[in-house]
Structure formats: C-alpha cells, structure tokens
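Below, each chain spelled out in residue letters.
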Amino acid sequence: MTLAVRYTAARTLDTAPVEPSEPGPGEVLLAPAYVGICGTDLHIFHGDMDARVAAPAVLGHEMSGRVLKVGAGVEGWQPGDAVTVMPLRWDGTCPACLSGHQHICQNLDFIGIDSPGAMQQRWTVPASTLVRLPSDLALEHAALVEPTAVAVHDVGRAAVLPGERVVVVGGGPVGILIALVARAAGAEVRVVEPSSHRRSLAEELGLAAWDPAASDVPAAVVEWTGGAGADVAFEVSGAAAGVDTAVEVLGVRGRLCLVAIHPRPREINLHGFFWRELTLVGARLYDRSDFERAVALVADGTIPAERLISKVVPLTEAPAAFEALEGGGDVMKILVDCTDDTQGATA
C-alpha cells in the first residue's frame, strides 16, 4: 500500500493508503517526486467540480518523478528515467481529434481530474503521456513544467510577436509564467496584480507590475504605448474586473487571450470588440510541442523555478497546504513532496 491525497467531499481532503496498480500493456508505474497544487485543484477542493470528479479522487497533475516499472510493449523507457506527464488521454475518434486537436478531445480524460492523479507515492499512467526530463534538471524545479506548458500554449494561441506590448491581468503562478514566456518571445510585458507580494515577485523577476487599486491601468497603458494600446492582453485573474481591464487596455485589432476559468458567465464590452476590431481567443491546455518547449525553458533558467516555489510540504500535510493557498496573495506555488510521507522541506 502507498499513500495518496484524496478529495472526498467539498473542502475535505484526506491522506489515505491506496493499492497501486501494476502497469498493464502500454503503461508505466511512476514514483512521483513533487506535485504542484494548481487553481484547478482548488476548484475541485471547493466542490465546484463535483459533477465531473468522482470522490474519492486522487488529485494532482503538475508533477515530476521517475519510472519504476514498464508494462508490456513499452519501448524507450526504463526504470530510473526522469519524467513528467502530459496528463491528457484522448479517444482519437471524435471530431476534435480527427481535425488534429487531440488536446481538446470532446471526450477528454484529463488525468488528475477525470481519473486518478499524481498526488500519491505510486502512479500508473499510459506511456504515451510521458515527457522526458534532462538528467541534470532538479525534479523539484521540473514540477513547474506543466504550468509552464500552459503558458507556452497561451502565448502561442495569442500569436505574440517580438516587440509587441503585452498586458497580463492576474499575477498568480500562471500569469507570471505567461509574462516570462511572452518576454522570452521578445514582447514588452506589464503585469496587473492587486497583491503586493505577487507584484514584488514580478518586479524581482524584471517584470513591471501595476496595482489596479492604485493605478488607472488603461491610462497607464495609453501612456506606455504612446496612445496605441496593447497588442495582446491575457485574462488570467478569473474576475469580472479583470475581464473589463483586459478589454479596455487593447488597441486597434488587439487580441484578448482568455486563460482563466470563469465559473459563471461574464458581461463583456462587445462594443469595444466592434469598434476596435478586437479578437477573442480561448486557450486551454497544451500539446506535446508545448510541453517540450516548457522543459527547455525550465531547464535553461528562462523560468526561474526556484523563485516561484513558495513552499514544499510532505504528502501528509497536503490538505493544510490547500487551505493555505486559499489566501492566495502571499503564496505562489506549493509543491507536495511524494517521495517520503514523513519528511518535508521549505524552499
């Protein structure tokens, strides 16, 4: 038996023994090392996804670890290999898959939501989901590959070009990652974030940040861009006010990339879209090329993983870590150490 963090009901998690499954044909057994807690995990914790998540459910999809055992027919992998997982299982037969968009399969199994996730000491997954990690990349840092892949996909969907002016509304983990990836693509970036802690971190990373409570953000963008407005805005806050800001800052033919999950419909200034010929682009998940690019960005230090990790806790303290993340502002990324249920470290 091994330990796993399980969602059992709204605002209720436990750490319980589970029986690991042996890898079948085409599968591998992994030993997760570090697993990040993300916004989607918090949505599950709050009970917002009960229609989709069958309790008790093992959470987690931002992970790094090593291969322990391979099933029949698995080639190219062996015990000890350092890996992360692209947690998507698609059917290959729906219209989305047949048109080449498997990552948004109409019958998608998002592993860690629709099926058991990584927040456990042993985890069996399809070998097709594995992404190789460089041998010299710290597994703690590699746990940020999955959210970095989200940012890579978002920047790609928005088609950010060198020299463009980009506004990121929301300076949480994904917002900061988007800002860093956009900067690496050659854009000039501003982050809008109410938390002083997160603004300070952004500034330490060389990103200019505005407080929406203290600044007239649209006016600041007009000044910054010489009256042109931003080329691209990313809505990462999940708040109605964030949507308004993201639309207002855009210039003529600007692109709004919607990243945040909005649990309820939002009012949006459609006249602004008409008047300035704006474009709204949705961005969800990632594909393998996004993951491979994310591995490279974390490995070469473009993504300063160690600066984004607020804390590492042992698996047995994961439930308390979810509660700590609810405060939001003073915490960036918390990792769960699955290698030993009795030991933990603070980054």
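The model shown is predicted, which means the values in this text are computed figures rather than measured ones. (Residues numbered from 1 in each chain as written. Predicted model: local features only at pLDDT ≥ 70, side-chain atom pairs only at ≥ 80, totals over all residues. Heavy atoms only, no water.)

Side chains of Leu258, Ile268, Leu270 and Leu280 sit close together on the surface and give an oily, nonpolar patch of about 340 Å² of accessible area. By the secondary structure assignment, Leu280 is in strand β16 (residues 279-282). (Patch = residues over 30% accessible without salt bridge, like charges linked within 9 Å, V, L, I, M, F, W, Y side chains within 5 Å. Areas by Shrake-Rupley, 256 points an atom, 1.4 Å probe, with all protein chains shown as cover. Salt bridge = Lys/Arg side-chain N within 4 Å of Asp/Glu carboxyl O. Helix = DSSP H or I, 4+ residues; strand = E, 2+ residues; numbered from the N terminus.)

Right, let's get into the packing of helix α4 (residues 145-157) against helix α5 (residues 173-184). It is the contact of α4 with α5, at a shortest axis distance of 8 Å, that shows an interaxial angle of 55°. Taken together, α4 and α5 sit at an angle that is classed as oblique. The chirality of how α4 crosses α5 is right-handed. Counting all contacts with α4, which are made through Pro147, Thr148, Val150, Ala151, Val152, Asp154 and Val155, the residues of α5 involved are Val174, Leu177, Ile178, Val181 and Ala182. Of the residues belonging to the contact of α4 with α5, the class tally is 10 nonpolar, 1 polar and 1 charged. (Axes fitted to C-alpha atoms, helices over the stretch in contact; angles between N-to-C directions. Parallel < 35°, antiparallel > 145°, perpendicular 65-115°, else oblique. Left-handed = near helix turned anticlockwise from the far one by under 90°. Contact = heavy atoms within 4.5 Å. Nonpolar A, V, L, I, M, F, W, Y, C, P; charged D, E, K, R; others polar.)

Attention now moves to the pattern of salt bridges. Counted according to the given criterion, the structure contains 12 salt bridges. Taking the shortest distance from any N to any O, the salt bridge between Asp14 and Arg6 comes out at 2.8 Å.

For the protein chain, the assigned domains read domain 1 (2-132 + 304-337) and domain 2 (149-282). Averaged C-alpha coordinates put domain 1 and domain 2 at centres separated by 28 Å. Taken together, the contact pairs 12 residues of domain 1 with 14 residues of domain 2. When domain 1 packs against domain 2, the two sides together hide about 1100 Å² of surface, and 67% of this comes from carbon and sulfur. As a salt-bridge pair, Arg307 and Glu204 come within 3.0 Å of each other at their nearest N and O atoms. (Domains from an automatic or database assignment. Buried area = accessible area lost by both parts, 1.4 Å probe.)

This part is about the sheet that holds strand β14 (residues 230-235). Strand order in the open sheet formed by 6 strands is β13-β12-β11-β14-β15-β16, with parallel pairing between adjacent strands. The two strands at the open ends of the sheet, each matched to only one other strand, are β13 (208-210) and β16. Neighbour to neighbour, the strand axes of the sheet diverge by 20° on average, direction disregarded. The pairing of strand β11 (residues 165-169) with β14 spans 4 bridges and is classified as parallel. Pairing of Val168 across the sheet is with Phe234, part of β14. Contacts between α5 and the sheet are confined to β11, β12 (188-192) and β14, with β12 contributing the most and set at about 170° to the helix. (Pairing = 2+ DSSP bridges.)

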